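Report on the structure
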Amino acid sequence: MKSWTFAVKRLAYSGVSLLGLSILIFVIARVLPGDPARLALGPRAPQSVVEALRLQLHLNDPVYTQYFYWLRGIFTGDWGIALFTQRNVLIDVSDFLPATIELILFAAIIDLVIAVPLGLAAGRRANSIVDNGVRVLSYVGIAVPSFVVAILLQLFLGYGTHLFPLIGRISQNVVPPTQITGLYTLDALLTGNPGAFADSVWHLILPAFALALGPIAQEARIMRSSVVENLDKDFTLSEVSHGLPERTITFKYLMKPSLIPTITIYALDISAQIANAFLIETIFIWPGFSKYGLNAMLSKDLNAIVAVVMVAGVMFVIANILVDLVVGYLDPRIRLQRRTEE
Amino acid sequence: MPLLEVRDLRVEYRVYEGTLKVLNGVSLSLERGEKVGIIGESACGKTTTVKTIMGLLAKNSKVAGGDVTYKGEDVLKMSKKRLTELRRKNISMVFQDPSAALNPVFTVRQQLYDIIKFSTDERLTREELHEKAVEVLRQGALPEPDRILDSYPFQLSGGMKQRVNISMALVSASELLIADEPGTSLDVTIEDQIMRLLKKIVEEKGISIIPVKKFVDRIYVMYAGTIVEEGPTREVFNSPQHPYTQLLIKAVPKLTGGGIPEGILGQVPSYLKPPAGCRFVTRCPYAMEVCDTDAPPLYGVGAKQRAACFLYDERQLPR
Amino acid sequence: MKSSRTLREVYGRYWYKFSKNDLSIVGLACIAGVVLIALLAQWISPYPASAGLYVNFGNAGAAPSASHIFGTDQNGRDILSRVFFGFRYSLMLVAVVLSVTVAPGVVLGLVAGYYVNRWFSAVIMRLADIFVAVPPLLLALSVASVLTPSAINAMLAVSLAWWPWYTRLVYSSASSIRNEDFVRAAELVGASRWHIMFKEILPNNLGSVLTKVTLDCGWVILIGASLSFVGLGAQAPTPDLGTMIAEGSAYLPGQWWISIFPALAIVVVILGFNLLGDGINDMFASGVA
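Here the structure is a predicted model, which means the values were calculated and not measured.

On to the overall build of chain A, then. In terms of regular secondary structure, chain A is built from 14 helices and two strands. Considering only C-alpha atoms, chain A reaches an extent of 85 × 55 × 40 Å along its principal axes. Across the 342 residues that make up chain A, the buried fraction comes to 46%. Within chain A, counting contacts between residues at least 6 apart in sequence, those at least 24 apart form 71% of the total.

Moving on: the environment of Asp301(A). Residue and element names in this part refer to chain A. Mapped onto the elements of the fold, Asp301 is located in the loop between α12 (289-298) and α13 (302-330). A count of 26 C-beta atoms within 10 Å places Asp301 in the buried class. Considering only alpha carbons, one finds Asp301 and Phe75, 226 residues apart in sequence, at a separation of 20 Å.

Moving on to the interface of chain C and chain A. Taken together, the contact pairs 32 residues of chain C with 36 residues of chain A. Within the side of chain C that touches chain A, the residues separate by chemical class into 23 nonpolar, seven polar and two charged.

Right, let's get into the sheet that holds strand β1 (residues 4-15) of chain B. Residue and element names in this part refer to chain B. The strand order across the open sheet built from four strands is β2-β1-β4-β5, with neighbouring strands paired in antiparallel fashion. On the outer flanks of this sheet lie β2 (18-30) and β5 (73-74), each paired with one strand and no other. With two bridges joining them, strand β4 (residues 61-70) and β5 adopt antiparallel strand pairing. Residue pairing in the sheet places Thr69 in a bridge with Asp74 of β5. Its contacts with the sheet put helix α1 (residues 46-54) on β1, β2 and β4, and the angle it makes with β1 is roughly 110 degrees.

With that settled, the discussion passes to the domain arrangement of chain B. Domains assigned within chain B are domain 1 (82-206) and domain 2 (245-316). Computed over C-alpha atoms only, the centres of domain 1 of chain B and domain 2 of chain B are separated by 37 Å.

Right, let's get into helix α8 (residues 181-188) of chain C. Within α8(C), only zero of the eight residues are buried, leaving the element largely exposed. Remark: Gly190(C) follows α8(C) within two positions and exhibits a positive phi of approximately 85 degrees.

What follows concerns the confidence of the model for chain A. Averaged over all residues, the pLDDT of chain A equals 85, while 95% of them reach at least 70. Within chain A, the lowest mean pLDDT, 69, falls on helix α14 (residues 332-341) of chain A, and the highest, 93, falls on helix α10 (residues 234-241) of chain A.

Residue and element names in this part refer to chain A. When cut into domains, chain A gives domain 1 (22-89) and domain 2 (90-341). Taking the mean C-alpha position of each, domain 1 and domain 2 sit 35 Å from one another. The partner domain 2 presents 17 residues to the 18 residues of domain 1 that form the contact. When contributions to the side of domain 1 that touches domain 2 are tallied by element, the ones reaching two or more residues are α1 (2-31), α2 (36-41), β1 (81-82) and β2 (87-88).

On the secondary structure map, Ala174(C) appears in helix α7 (residues 151-177). Considering only alpha carbons, one finds Ala174(C) and Ile201(C), 27 residues apart in sequence, at a separation of 6.4 Å.

Our next topic: the pairing of strand β7 (residues 176-179) of chain B. All names here are of chain B. What you see with β7 is no split at all: Leu176 and Ile178 on one side and Leu177 and Ala179 on the other are buried throughout. When strand β6 (residues 91-94) meets β7, the two strands line up parallel, connected through four bridges. Bridge pairing in β7 links Ser92 to Leu177. In the sheet, β7 pairs with strand β8 (residues 208-211) via four bridges, with the strands oriented parallel. Paired with Ala179 across the bridge in β8 is Pro211.

Residue and element names in this part refer to chain B. Spatial ordering of the open sheet is given by β6-β7-β8, a layout of three strands whose pairing is parallel. Looking at the sheet topology across the chains shown, the edges are occupied by β6 and β8. Each adjacent strand pair in this sheet contributes to an overall mean axis angle of 15 degrees, direction not counted. Sitting on the sheet, helix α6 (residues 158-172) touches β6 and β7, and the angle it makes with β6 is about 170 degrees.

A few words on the confidence of the model for chain B. All names here are of chain B. Averaged over every residue, the pLDDT of chain B is 87; residues scoring 70 or more account for 94%. Mean pLDDT in chain B bottoms out at β8, which sits at 78, and peaks at helix α3 (residues 108-118), which reaches 95. Overall fold confidence for the complex sits at a pTM of 0.84, while the interface term, ipTM, reaches 0.89.

Another aspect to go through is the pairing of strand β10 (residues 226-232) of chain B. Residue and element names in this part refer to chain B. Along β10, six of the seven residues are buried, which leaves the element largely enclosed by surrounding structure. By the bridge criterion, six bridges tie strand β9 (residues 218-223) to β10 in an arrangement that is antiparallel. Considered in β10, the bridge of Met222 is made with Ile227. The antiparallel hairpin formed by β9 and β10 contains two residues in its connecting segment, where Ala224 sits at a positive phi of about 45 degrees. The pairing of β10 with strand β12 (residues 305-307) spans two bridges and is classified as antiparallel. Looking at the pairing, Glu229 lines up with Ala307 of β12.

Conventions we followed
Residues numbered from 1 in each chain as written. Chains lettered and ligands numbered in written order. Predicted model: local features only at pLDDT ≥ 70, side-chain atom pairs only at ≥ 80, totals over all residues. Helix = DSSP H or I, 4+ residues; strand = E, 2+ residues; numbered from the N terminus. Buried ≥ 20, exposed ≤ 12 C-beta atoms within 10 Å, placed from the backbone. Contact = placed C-beta atoms within 7 Å. Nonpolar A, V, L, I, M, F, W, Y, C, P; charged D, E, K, R; others polar. Pairing = 2+ DSSP bridges. Axes fitted to C-alpha atoms, helices over the stretch in contact; angles between N-to-C directions. Domains from an automatic or database assignment. pLDDT = per-residue confidence, 0-100.

Set out below in structure tokens:
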């Protein structure tokens, strides 16, 4: 139970960070030159309309009053109107977020499933073909921007071979599953709709892979180097000298300590995916939160921009707390130390 | 046939500066049930020697010559499978630093159960595993075996960790236990306890041991990767024959007084460019011309001792 | 003893550690080449006019040929020349962002780490926490969007997202180094606080900061390119690699060269900086092997 008090503590601490973030982004948005109302309505709107909007958005009040109004709205469900959709931002967010979460989760699974075994194999057999392959992959993954990967995947696997769909979440002739979570794959499973499930997985593969390639490279690299490091440690030599088989040493005694740094970086990468999704969703016309955010940014819609940043911040916080729990599970030193600190 | 025989072993490490020629023709042998020690200053090649025997050399190292035979089988040419079998059932090792030698993220139970499981070809039940684990921990003189089993290494003291390491090694060391200075990283009283424990276990179980010093029947004196003297412990300490051993024993402070002992002048030669002949030549008070060019073989001195020094050559060598 | 080793030996050792991996040399060569091209872009570009508002619709979208090795874009501009000038913009972005963020970030980290128990240390670090509570790309995107999209504002936006990473890097090591004996000794003999921070603690962080700077060059270029890819960075007709890829992607797959060559160019720069960074990391790594 103690790890829960730890999580709560972290949560409270992160809440302070998020509050700071909201002030920061709010101040940047309101203090910088340019009239948000004018920006939203365009140069040709009559001054009287602009004035009315200023009044509606409390733009004539001091910044701290505006911030207070905004903060109160956040907790009462009034996130302001997104001017480019003419809807409450909260409704927009809850409409668009599931598609992005689905994409990021799918990418996260692909990442872990590919990177960990690759890194383990590469570290175990340093300078083998697998190791050199991982080295090349890790450089490709780092050096090729995700939007270039996306374009290339679309070009070769979409246009070129028609193996995968080019855009969207689901084929036009497939009825989306009844909404429960908003994640098509999960909803399709819950409602027992294998056709929709297969179709949405099929649509997920290219964008998720484009999103995952960079992190795969990163994690495989971290995993490899920590395996190599642990391979030289006395405890590994000791396990060898006690006659444990290579299989047990690799998949148990090397894997667990090597996962600790890997998972830490993994969490950072996953929480950064919401930003990378901005580009990927644009390319694959994925009707998600990031694409929504980008539209908000391109049309300078302040309410929506602030909300997008805050939601990203919350996701970042959640990812970090989750990783702390996982690392605590993997590393008893951290887990038990936390207990004694409570 | 000796249990273990090392003949003319040469091991090198590749590093930035070039090749470190660490072991320069090390030979030693060990009979069944015998306790043999290796003494020498730090970095004289003790750890490299024992690691070579266990097949645990680092990646940047290379066996440049010689062989290691265990009951007539060449360990260096053994298949991986056979070597693992040997480690599962016959030989094991205790490392110098007990904190580094236990996997930090597994409990003692997890580690010890696996070692026991793989030390036998039978399938053991969980009760049998537990029984055996408690038995070896008792042999390692650990109180409250159940509490120890559920501990992570970082929850144990250094001395306890080393006892756990010894217990683990005991599972698979039915014939030979190699202990690489198992007490040096602990404080003196704990070190003493650990050494007594090892001695007791080895004598009770009738297994052989190479600890790096103390309580042994026979010792090898190592200097810069060469064996310079060998003989029964008492004789070597009472009448050291090799100039290095003489200086080494004189350098050990005595409780009976007599002032601060003299050290040995000079430095251990670089392994990069070791002297072509005797490796001790740069510090030897009796160095002769021949010592610069030829490496001395081990000459029999007295009934049981041997020393690698031209002083014991029958020929009249020019001084 | 430092004095007994000549400078040449010290640098020789650094160079050995750096060059032990051939890839580090490849990285160094890539970056040296890119820097040279960027500096000399006006003189070595086959069609310097293509860098700007030049149009030649008669020759638009021409496939790679002897006169236009990388082909021409939708406005008939020479892609090779634009890539050369694109390097210039990318390096400028890196130079601006890192020169305005590294020094303040490092100094803040040093101060916060050395005075770890004082109130301003907590303020600095909580402030840094706020800035790293969202991914740098997202922070840069939102700041760039609120400002008017332009090359300068993109640099500003990326900078705002960048400094706290240096603060955190230096803070974590400075706060532990301050308890080392050599720092305590310097305090005992009455060395000034500035001396301790900059002469005793900072040199111990130089390796990790330098490695991060090199690796970050690649990241900054990537983020800059991402900004311009979505239209929130440098605006036309600035020859920016990200913008070129975005504009060219509309002509895929038929006129692939319009986007693929700029994409390759960006890959070369980022790869170069990463290989170089790994080499620098090796250079400062301890150990003989």
